[in-house]
Amino acid sequence: GNWMLAGVTEEKSNRVVEVLLSSVKPWQILAGKIIGIGSLGIAQFAGTIIVAFLAVNLTGAIELPSLDVVVVANLIFWFILGFLLFAVMYGAAGSLVSRMEDAQNVAFPMSMIAVAGFFVSIAALGDPDGTVAVVGTFIPFTAPFVVPVRAALGAIPAWQYIASVVITIATIVGLVLVAGRIYAGGLLRFGSRVKLRE
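A short tour of the structure in this document, coming up. Given the structure is predicted, the values throughout are model-derived calculations rather than measurements.

Cut-offs and rules
Residues numbered from 1 in each chain as written. Predicted model: local features only at pLDDT ≥ 70, side-chain atom pairs only at ≥ 80, totals over all residues. Heavy atoms only, no water. Helix = DSSP H or I, 4+ residues; strand = E, 2+ residues; numbered from the N terminus. Polar contact = N/O pair within 3.5 Å; in protein donor to acceptor, adjacent residues only side chain to side chain. Contact = heavy atoms within 4.5 Å. 1 Å grid on protein atoms, 1.4 Å probe; cavity = no way out; pocket = protein on both sides within 12 Å on 5 of 7 lines; lining within 4 Å. Points joined across faces, edges and corners; volume = space filled by probe spheres on them. Nonpolar A, V, L, I, M, F, W, Y, C, P; charged D, E, K, R; others polar. Phe/Tyr/Trp six-rings, centres within 6.5 Å; stacked < 30°, edge-to-face > 60°.

Residue position: Q160 is located in helix 8 (residues 158-187). Within the structure, the side chain of Q160 is placed 2.9 Å from the side chain of R150, a separation counted as a polar contact. Residues within four places of Q160 in sequence aside, it is in contact with V134, T137, F138 and R150.

Put into structure tokens, the structure is as follows:
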């Protein structure tokens, strides 16, 4: 998320975006940033895991527990959904400011949402069938944290899992539409922070 925020803010502050807008639409720039930065983040994440896995296997210092392929695939799937959800929000937020110094101020709400999702997932770990876990399953901003935990524990019915996926994807699509408008409106505004109404 912070890479996305920094990328959009820097692109806007050095006026590169003005050149880009002459040949592509604002939502295409936002989508390209999400795909590019997302690919880089996932590659870095995968590289770290591969190096750590090789180091553990070569040294034998730690014995890794066996992991179910379905659990790992589920975790990767929800990581991607969560990334897309937050990347769109961070990209829209980055277009609202003109300087890197102001970027962290607009990132604060998304950071708090992510922290709340993390705490809900901890509650789900303690009581995967509890009210907090079930409600967190259907809230798109907490689902990427909660659903993998409940799925790994085998405590989520199929209908809740499918409903959570549908709600999260629908939210991502809705956020793309809203973020595209915010991004388009904020890209060429320099010097002041763009107000919500604007």
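So, next bit.
Glancing now at the layout of surface pockets. To find leftover empty space, one rolls a probe the size of a water molecule over the atoms. In this structure, the largest pocket encloses a volume near 740 Å³. Looking at the largest pocket, it is lined by 26 residues, and the ones nearest its centre are F45, L75, I76, W78 and F79. Elements supplying a minimum of two residues to the lining of the largest pocket: helix 3 (26-59), helix 4 (69-94), helix 5 (100-126) and helix 7 (143-152). By residue class, the composition of the lining of the largest pocket is 22 nonpolar, 4 polar and no charged.

Under the definition given, this model contains 6 aromatic pairs. One aromatic cluster is present, built from ring pairs that chain together F77, W78 and Y161.

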